Amino acid sequence: MQKLSNLLPEGFHDSLPPHAEAGSRLERDVLDTLASHGYARVSPPLVEYEDVLTGRMTGSAKSDLMRFVDPISQRTLALRPDVTMQIGRIAATSLSEAARPLRLSYSGQVLKLRSGQLRPERSRLQIGAELIGTDSVAAASEIVSVAIEALSRAGLTGITVDFTMPDLVDILSAGPLPLSAAQAAEVRSELDMKDAGGLTELGAVGYLPLIEATGPFDDAMAKMRSFDSDNLLASRLDGIAAIAANIEDKANLTLDPTERHGFEYQNWFGFTLFAEGFVGAMGRGGSYEVPASDGGTENAVGFSLYPSPLIDAGFSAKAKDILFLPLGHDSEVAASLRAKGWRTVAALSDSDDAEALGCTHHLDGEKPVAI
């Protein structure tokens, strides 16, 4: 007799009670928040043709695809590592004639080829919203505000929004602080590590003030204003400051102008969401461009949340009273109690044990009685 195995591939796991239900509850709370702000839900498939999927991807994300050959079409298929690009495809094709700005929401699993130390899972739940057709300050403010509200409704507290400027080095290296493409890559790496010595060794001392312009929003923004003596960044700084002013009473605000992790395709602004009591980012968002049906692009702004660590930690898991229904119980009484919010477990034999089945109460006539 073959022994049953519970071994799963690295980076994958089962979600068991009560975590699976907690995950559904959290997902529902977030999606209900998005729907209340007019974001219509779409649900793209888990698998697409590789060439269609990679045609909308940028940077290293293309190497993070899990691929296989479709035995029917003989074409290479890929499992999506991110939903955002699929929303862009839908906006440019099926919904190309829909009025702009177009508000869409989504929820679904994404698959990663590799996992990281902080996030070892390779299958992750991604929930998000995209506002397509504009990346104005008003649109960006709405997206950040809705993201905060969604996390708050899911039960998170102490939310922090960390702003960044994803294309900052590109702007500076093409202007007042010139760098070759190779030098710019090295400078970005040193800025990622906040390594002042490394920047000095590279001869990029002009970028040193960017390391200091990190921290609480007001102080960091003042340092960025001082750094931007020729007003090259004025419009971007003004925009981020306006967004911050619109949400300052809803979250803690910080600024890290050179943060790049997770911002492969964002342009003039990005943001990362953190919550008290949890390590790592809860989600990210920002402004970007979506390829349009006419061959051009249209501006967009959005965010994605990755709540799997919260779910795995038991966040949002709530103990529920469960009512045991003995053999021969009154089905109408049971139905009435379910309508009032009770969960019931009906006995199927005399040997069923209410306590062993996780019940907290048993039905005595027409009344629940605590076990």
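K.L.:
Quick question: what am I supposed to make of the pairing of strand β6 (residues 123-132) here?
P.N.:
Within a regular strand, side chains alternate between the sheet's two faces. Buried residues dominate β6, accounting for 9 of its 10 residues. Judged from the 10 bridges that link them, strand β5 (residues 102-111) and β6 form a sheet pairing that is antiparallel. Looking at β6, one finds that Ser107 is bridged to Ile127.

K.L.:
Whenever I open this one, the pattern of salt bridges confuses me. Can you help?
P.N.:
For side chains of opposite charge, pairing can occur when their charged atoms come near one another. What the rule picks out here adds up to 15 salt bridges. A salt bridge links Arg153 to Asp32; the nearest nitrogen and oxygen atoms lie 3.9 Å apart. Of this pair, Arg153 sits in helix α4 (residues 137-153) while Asp32 sits in helix α1 (residues 19-36), and the two are 121 residues apart along the sequence. Judged by its relative accessible area of 45%, Arg153 is partly exposed. With relative accessibility at 35%, the residue Asp32 sits in the partly exposed group. Among the salt bridges present, the one from Glu50 reaches Arg67, with a minimum N-O distance of 2.3 Å. Here the residue Glu50 occupies a position in helix α2 (residues 50-54), and Arg67 occupies one in strand β3 (residues 66-69), the gap between them amounting to 17 residues. Through salt bridges with shared partners, a single network forms among Glu21, Arg25 and Arg343.

K.L.:
Would you mind going over a negative patch on the surface with me for this structure?
P.N.:
A grouping of Asp218, Asp219, Glu248 and Asp249 is seen on the molecular surface, where their side chains present a negatively charged patch. Its location among the elements puts Asp219 in helix α9 (residues 217-227). Given a relative accessible area of 52%, Asp219 falls into the exposed group.

K.L.:
How should I be thinking about the sheet that holds strand β2 (residues 47-49) in this particular structure?
P.N.:
Sheets are built from strands that pair by backbone hydrogen bonding, the pairs being arranged parallel or antiparallel. Spatially, 3 strands are ordered β2-β4-β3 in an open sheet, and the strand pairing comes out antiparallel. Strands with a single pairing partner mark the edges of an open sheet, and in this sheet they are β2 and β3. The mean angle between the axes of side-by-side strands here comes to 35°, regardless of whether they run parallel or antiparallel. Looking at chain direction, β2 and strand β4 (residues 76-79) are connected through 3 bridges and run antiparallel. Within the sheet, the bridge partner assigned to Tyr49 lies in β4 and is Leu77.

K.L.:
What should I look at first to understand the environment of Ser308 in this one?
P.N.:
Within the secondary structure, Ser308 sits in helix α11 (residues 308-312). Residues Ser308 and Ala204, 104 residues apart in the sequence, show an inter-C-alpha distance of 40 Å. When near neighbours in sequence (up to four residues on either side) are disregarded, Ser308 contacts Glu121, Arg124 and Leu125. Within the structure, Ser308 has its side chain in polar contact with the backbone nitrogen of Leu125 (distance 3.2 Å).

K.L.:
Before we go on, may I ask you to explain empty space enclosed by the protein in this structure?
P.N.:
To find the voids left in a structure, one rolls a probe of water-molecule size over its atoms. Per the counting criterion, the structure on display carries 1 cavity of 30 Å³ or more. In this structure, the largest cavity spans a volume of roughly 60 Å³. In this structure, the largest cavity is lined by Met165, Pro166, Leu168, Val169, Arg188, Leu191, Asp192, Pro257, Thr258 and Arg260. The set of elements that each furnish at least two residues to the lining of the largest cavity consists of α5 (168-173) and α6 (181-192). Residue contributions to the lining of the largest cavity peak at 3 residues, all from α6. Here the lining of the largest cavity is composed, by residue class, of 6 nonpolar, 1 polar and 3 charged.

Conventions used here
- Residues numbered from 1 in each chain as written.
- Predicted model: local features only at pLDDT ≥ 70, side-chain atom pairs only at ≥ 80, totals over all residues.
- Heavy atoms only, no water.
- Buried < 20%, exposed > 50% of the residue type's maximum accessible area, 1.4 Å probe, protein only.
- Helix = DSSP H or I, 4+ residues; strand = E, 2+ residues; numbered from the N terminus.
- Pairing = 2+ DSSP bridges.
- Salt bridge = Lys/Arg side-chain N within 4 Å of Asp/Glu carboxyl O.
- Patch = residues over 30% accessible without salt bridge, like charges linked within 9 Å, V, L, I, M, F, W, Y side chains within 5 Å.
- Areas by Shrake-Rupley, 256 points an atom, 1.4 Å probe, with all protein chains shown as cover.
- Lys, Arg positive; Asp, Glu negative; His and termini not counted.
- Charge placed at Lys NZ, Arg CZ, Asp CG, Glu CD.
- Axes fitted to C-alpha atoms, helices over the stretch in contact; angles between N-to-C directions.
- Contact = heavy atoms within 4.5 Å.
- Polar contact = N/O pair within 3.5 Å; in protein donor to acceptor, adjacent residues only side chain to side chain.
- 1 Å grid on protein atoms, 1.4 Å probe; cavity = no way out; pocket = protein on both sides within 12 Å on 5 of 7 lines; lining within 4 Å.
- Points joined across faces, edges and corners; volume = space filled by probe spheres on them.
- Nonpolar A, V, L, I, M, F, W, Y, C, P; charged D, E, K, R; others polar.

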